Protein chains: 2
Amino acid sequence: MDLRAVRSPAMTDVAKLAGVSHQTVSRVLNDHPNVREQTRLRVRAAIAELGYRPNSAARALVTGRSQLIGIVAQNSTLYGPASLLAAFEQAAAEAGFAVSVGSVGRMDRESIAGAVERHLDQRVAGLVVIAPVASADDALDDMPDDVPLVTIDGDPARSRALVTVDQAAGARQATELLLAAGHRTVWHVSGPPDWYDAAGRADGWRSALEAAGAEVPPVVAGEWSAASGYAAGRMLARMPEVTAVFTANDHQALGLLRALSEHGRRVPDDVSVIGFDDVPEAEFFIPPLTTVRQAFDAVAQAGLELLLAQISDEAPPAEQIVIAPTLVARSSVGPPPHRV
Amino acid sequence: MDLRAVRSPAMTDVAKLAGVSHQTVSRVLNDHPNVREQTRLRVRAAIAELGYRPNSAARALVTGRSQLIGIVAQNSTLYGPASLLAAFEQAAAEAGFAVSVGSVGRMDRESIAGAVERHLDQRVAGLVVIAPVASADDALDDMPDDVPLVTIDGDPARSRALVTVDQAAGARQATELLLAAGHRTVWHVSGPPDWYDAAGRADGWRSALEAAGAEVPPVVAGEWSAASGYAAGRMLARMPEVTAVFTANDHQALGLLRALSEHGRRVPDDVSVIGFDDVPEAEFFIPPLTTVRQAFDAVAQAGLELLLAQISDEAPPAEQIVIAPTLVARSSVGPPPHRV
DNA sequence: GGATGCATTGTTAGCGATAACAAGCTCCGC
DNA sequence: GCGGAGCTTGTTATCGCTAACAATGCATCC
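The rules behind the values
Residues numbered from 1 in each chain as written. Chains lettered and ligands numbered in written order. Predicted model: local features only at pLDDT ≥ 70, side-chain atom pairs only at ≥ 80, totals over all residues. Heavy atoms only, no water. UniProt positions renumbered as here; feature names shortened; annotations may be inferred. Helix = DSSP H or I, 4+ residues; strand = E, 2+ residues; numbered from the N terminus. Least-squares fit on C-alpha atoms with pLDDT ≥ 70 in both. Contact = heavy atoms within 4.5 Å. Buried area = accessible area lost by both parts, 1.4 Å probe. Salt bridge = Lys/Arg side-chain N within 4 Å of Asp/Glu carboxyl O. Polar contact = N/O pair within 3.5 Å; in protein donor to acceptor, adjacent residues only side chain to side chain. Axes fitted to C-alpha atoms, helices over the stretch in contact; angles between N-to-C directions. Parallel < 35°, antiparallel > 145°, perpendicular 65-115°, else oblique. Left-handed = near helix turned anticlockwise from the far one by under 90°. Nonpolar A, V, L, I, M, F, W, Y, C, P; charged D, E, K, R; others polar.

As for the UniProt feature "domain: HTH lacI-type" (unreviewed entry) in chain A
- UniProt records the feature "domain: HTH lacI-type" (unreviewed entry) for residues 9-63 of chain A in the present numbering.
- In this annotation, residues 9-63 of chain A is assigned 69% helix and 0% strand; the end-to-end C-alpha distance for the span is 21 Å.

Now the structure itself:
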């Protein structure tokens, strides 16, 4: 009996037990073709018996690449980014990759570059950057181009491999639904203008109005918070001509609903409201919120596929995938009030 | 000119440029004491000139430990876990650690053990497990005990290094506030009973009622979702004797508010409501929600400190930290309606 | 002035895996 | 029966770093 702390078994231990060389063990582990079936089984048995697990650091050292995928995302509890992160981890784990997260406080060039560097230190096999603002793309311009990279929510003109959600299409659907309900026009509470998502949603809204020949009211500038929706709502609630509002996300819609309620304007009787994101709680707003759902898991899945293809050199590093959002109809939308 | 892909510089390159041995470079990098100041500067200059960055895989291989911290958490977009994760990344990054996330679909023994193993493969320096349910603790029982480990939200009786929020204290505060407002008793919509958080909140609620000599109504069992709060609300709304409700989280409170509103019961005039978590939107519920805030960043900070202390052997691996939550008063609480 | 000690630096050996090459074996065709 | 092809396996070098030990120089002490 050896009482020393049991060192976890290495490849040579397996080799000894199976009566082969460590190299043969390596071949079995990496599914090399030219190993006799009988040998393979013997090695497998030895691996199981010892509870051997390969040392990823050693592998990374010699191959120059790890089984790690880095994700750079904004450190936020916003529903969108958080969901995306969760979905991505899930997908990566299924593909046998670990996920290292480098969150940044702000989406400026310096922060992003720092997070990217930290990941490169870890010799990540690939990198996913959630880059919803222009400044994030800036940081990627001076990335070394031998690292597989996929951008989420970035600028189609500047990114190579990219997955985005068609924000404009979602916004168009929302706006069209309101117009179809009989509203003369639709107001919009926007997100921060430097976010691509926000810009896309505003564009979709505007183009739908223009296509329908409806008047385009001024954008009410907000950011993603409920507070900004509330502030917008306090203004809009006092304007009787406002009968339909499309907000850039659900949290804004929540704030808007509260402001409308405080001013005695009923939803959807007096004002119809549509949000964006379909947060789990949207169904329980007062009233239940009609909104646009983004399929975050589809985004994550697509992103991972693009990345893995690059890692294994199966695909050119330039491909762009667009995911379509879907409208979820609930009771916050109705016809405009009867004209008095 | 050499046109081959430029291999990123290694320690020997730095050593050659600085005119020292690679070992001296290593000493400079690891802040060993016995290096002459002048030499240190020369090495630093060479590092800067070459843009040298140490290879973490090589270091991990030889030391048997990486600059990686593993986090095991449930793959969820619940506000609590997501916030905790974000706060933790932030804190770890500041300490120079990368964070690898292993999310699990369900909190059962097998899933957790799997996630832990994947992290051990990566030779993580330490492990943080967010273990809000008993089954998660089970999985940790057969963890090798030479890996630094901190549990968040686990069972004090079974964990060594542990950070928790004093759920019971928060619940007591909430309940006492309602009693002080004049309510004869307080009803409770609970979380899933196998979550420690949920159990702690229920305990605090019950003990506050008992201490005040108030009647203890039956617990309305829910889970964390707004849907369960809504379901509970539809029942409670029909019971005129219910004038105060404490829900186990804010999302449930949202659902409850909607159910009350649908039944024409006004908040806080007819019913007072208190939630738990203080999600950013709580301020914009109808009406603004009184709730209990957990300081997630404090939890993360404390957890990381415990872990780093273990990693550097500065502290015994057994210490428990309890973070106190704070009550955030808003307008969803008022005196009970006048008895008719 | 030689022994002692400390600060500073270099040398060598490995960590655990993969890659490149070499070697043995079997099978085949002529 | 012999050479070559192809399958299977082993040997050796190597990735970039840290640990352990060795070696050097210089100040200090008796």
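Resuming the write-up.
Description of the relation of the copies chain A and chain B
- Note on the identical chains: chain A maps onto chain B by a rotation of 180° and an axial translation of 0.0 Å, with an RMSD of 0.2 Å. Here the transformation between the copies is reduced to the relation of a two-fold axis. Minimal C-alpha separation from the rotation axis in chain A is found for Ser100 of chain A, amounting to 2.1 Å.
- A share of 100% of interface residues in chain A that are also interface residues in chain B marks the association as one of identical surfaces.

Observations concerning the interface of chain A and chain B
- Contact residues are listed per partner, giving 45 residues for chain A and 45 residues for chain B.
- Between chain A and chain B the total buried area reaches about 4,200 Å² when both faces are included, carbon and sulfur atoms providing 56% of it.
- Of all residues in chain A, Arg258, Phe284 and Ile286 of chain A give up the largest surface area on contact with chain B, accounting jointly for 17% of the area buried on that side.
- Where chain A packs against chain B, one counts 4 salt bridges.
- A salt bridge links Glu117 of chain B to Arg53 of chain A, with the nearest nitrogen and oxygen atoms 3.5 Å apart.
- Counting the contacts that link chain A with chain B gives 12 residue pairs in polar contact (both at pLDDT 80 or more).

Describing the packing of helix α6 (residues 109-121) of chain B against helix α7 (residues 134-141) of chain B
All names here are of chain B.
- The N-to-C vectors of α6 and α7 enclose an angle of 50°; their axes lie 8 Å apart at closest approach. With respect to each other, α6 and α7 are oriented oblique. The interaxial crossing formed by α6 with α7 has right-handed handedness. Across the interface between the two elements, Arg109, Ile112, Ala113 and Val116 of α6 pack against Ser135, Ala136, Asp138, Ala139 and Leu140 of α7.
- Each residue belonging to the contact of α6 with α7 can be placed in one class, and the counts come to 6 nonpolar, 1 polar and 2 charged.

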